[in-house]
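Structural description and commentary
Residue strings, one per chain:
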Amino acid sequence: MLIFTQIADIRRFIAQQKDQNKSIGFVPTMGALHKGHISLTETSKKNCNITVCSIFVNPTQFNDKKDLERYPRTPEKDTELLEKNGCDVLFLPSVHEMYPNGTEKELFDFGNLDKILEGHFRAGHFSGVAQVVKRLFEIVTPDKAFFGSKDYQQVMIVKALVKQMHAPIEIVACPILRETDGLAMSSRNVLLSEEERKISSVIPKLMQEAKTIILQKGIEAGKTFIENETSKQPLMKLDYFEVCHADTLQIISNLNESKNRIALIACFVGRIRLIDNLSL
Ligand code: AMP
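Residues numbered from 1 in each chain as written. Predicted model: local features only at pLDDT ≥ 70, side-chain atom pairs only at ≥ 80, totals over all residues. Heavy atoms only, no water.

Taken as a whole, the second largest pocket encloses approximately 250 Å³ of empty space. Lining of the second largest pocket is provided by 16 residues; of these, Ile55, Phe56, Val57, Arg73 and Leu92 occupy positions nearest its centre. Class assignment for the residues of the lining of the second largest pocket results in 12 nonpolar, two polar and two charged. (1 Å grid on protein atoms, 1.4 Å probe; cavity = no way out; pocket = protein on both sides within 12 Å on 5 of 7 lines; lining within 4 Å. Points joined across faces, edges and corners; volume = space filled by probe spheres on them. Nonpolar A, V, L, I, M, F, W, Y, C, P; charged D, E, K, R; others polar.)

Following the sequence through the fold, Ser127 ends up in helix α7 (residues 125-140). A residue is classified by how much of its surface remains accessible, and Ser127, at 7% relative accessible area, is buried. Contact partners of Ser127, with chain neighbours within four places excluded, come to Glu106, Leu107 and Phe108. (Helix = DSSP H or I, 4+ residues; strand = E, 2+ residues; numbered from the N terminus. Buried < 20%, exposed > 50% of the residue type's maximum accessible area, 1.4 Å probe, protein only. Contact = heavy atoms within 4.5 Å.)

Moving on to the site of the ligand. Lining the immediate surroundings of the ligand are 17 residues, of which Met30, Gly148, Asp151, Leu177 and Met185 lie closest. In the model, an oxygen atom of the ligand is placed 2.9 Å from a nitrogen or oxygen of the Gly148 main chain. Within the backbone of Met185, a nitrogen or oxygen atom sits 2.8 Å from a nitrogen atom of the ligand. Summarising the interface, the protein chains cover 93% of the accessible area of the ligand, which totals 490 Å² for the free molecule. If you list the elements that add at least two residues to the shell around the ligand, you get β2 (24-29), α2 (35-47) and β5 (144-148). The dominant element in the shell around the ligand, judged by the number of residues it contributes, is α2, at three residues. Partitioned by chemical class, the residues of the shell around the ligand number nine nonpolar, six polar and two charged. (Near = heavy atom within 4 Å. Polar contact = N/O pair within 3.5 Å; in protein donor to acceptor, adjacent residues only side chain to side chain. Areas by Shrake-Rupley, 256 points an atom, 1.4 Å probe, with all protein chains shown as cover.)

It is at 8 Å that the axes of helix α1 (residues 7-19) and α7 come closest, and there the two elements cross at 50 degrees. Here α7 runs oblique to α1, going by the angle between their axes. Contact residues: Ile7, Ile10, Arg11 and Ile14 in α1; Arg135, Glu138, Ile139 and Val140 in α7. (Axes fitted to C-alpha atoms, helices over the stretch in contact; angles between N-to-C directions. Parallel < 35°, antiparallel > 145°, perpendicular 65-115°, else oblique.)

This next bit is on the nonpolar core. In terms of nonpolar packing, the biggest core is built from 48 residues, with Val52, Phe137, Ile171 and Leu249 touching the most fellow members. The element that contributes the greatest number of residues to this core is α7, accounting for nine residues. Per-domain counts for this core show at least three residues from each of domain 1 (2-174) and domain 2 (187-275). Apart from residues no more than four positions distant in its own chain, Leu249 is found in contact with Leu113, Ile116, Leu117, Tyr152, Gln153, Met156, Cys244, Ile262 and Leu264. In this structure, Val243, Ile252, Leu255 and Ile272 belong to the second largest nonpolar core, which totals 25 residues. (Core = buried A, V, L, I, M, F, W, Y, C linked by side-chain atoms within 4.5 Å. Domains from an automatic or database assignment.)

The next thing to look at is the domain arrangement of the protein chain. When its domains are assigned, the protein chain resolves into domain 1 (2-174) and domain 2 (187-275). Just the C-alpha atoms count here: the centres of domain 1 and domain 2 sit 26 Å apart. With 20 residues of domain 1 at the interface, the matching set in domain 2 holds 20 residues. Taken together, both faces of the contact between domain 1 and domain 2 bury some 1,700 Å²; the carbon and sulfur share is 61%. Area buried by domain 1 at its contact with domain 2 is led by Arg70, Leu117 and Tyr152, which between them contribute 36% of it. Run the count over domain 1 and domain 2 and you get two salt bridges. Notably, a salt bridge pairs Arg188 with Asp67, separated by 2.8 Å at the nearest N-O pair. Counting across the interface, domain 1 meets domain 2 through seven residue pairs in polar contact (both at pLDDT 80 or more). Ranked by the residues each element gives to the side of domain 1 that touches domain 2, the list is headed by helix α8 (residues 152-165), at three residues. Taken together, the residues of the side of domain 1 that touches domain 2 sort by class into 10 nonpolar, four polar and six charged. (Buried area = accessible area lost by both parts, 1.4 Å probe. Salt bridge = Lys/Arg side-chain N within 4 Å of Asp/Glu carboxyl O.)

Structure follows, in structure tokens:
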């Protein structure tokens, strides 16, 4: 696996590959890699000639400084894991390499999409995501980029970004990988204490139960169920549980409003914020 830390070097490499008509698959990450990330590089390998993974903990997408400071960083382990799984290129830039003029936030307009759900609870988060993804796309110029559906709203933001950029990049949404107890894999899971980790496994179970309730009794009943169940757990604090139109993320209160529905949750367990979603 080739490792690049400089933009000029990876650009040169990508240009050489394109000269040979090689297709480029790209998996942007913030590191502390797990099987969920590897499932993305594997899908990229199946679909493209060259797979590039980037690891960059992007400061502009963190609205909470403490969250940025404690975000897990395991570059050596990550490098080994990517190498073992046949990734071709790792792009590992420094903050200065990505933001030579400082980490001033660039503003984007995604209409309602970046103001609801995650955008509402993490003000400015999606502008930061769009800023770094745009920069990475300009550097890597992939044919396809692979994102996890765990960050469902992020996938929609990235699709909107690519449209705004008029960039010929196909955004591929990949399924959520889960631990054996159902918890969605996440780099943040390692920050959970043993007790918090146990409690976290309740989240996917509550989502499944809420789905059954919603399909039988309606959205309001499902929301009440989630609010009651999470408030019973002293370590849990619910940010939101909403049912949305899966194509627009417009929040719905009646099942008749959409056939293509998704339930999304964000919940603190202790000081760690976890997200998940489920099609209804
Ligand atoms: P992150 O390093 O958390 O920014 O994630 C990098 C990419 O991996 C994003 O596209 C995520 O949606 C994706 N990802 C994170 N967790 C999972 C998971 N459990 N299953 C599938 N993809 C994931």
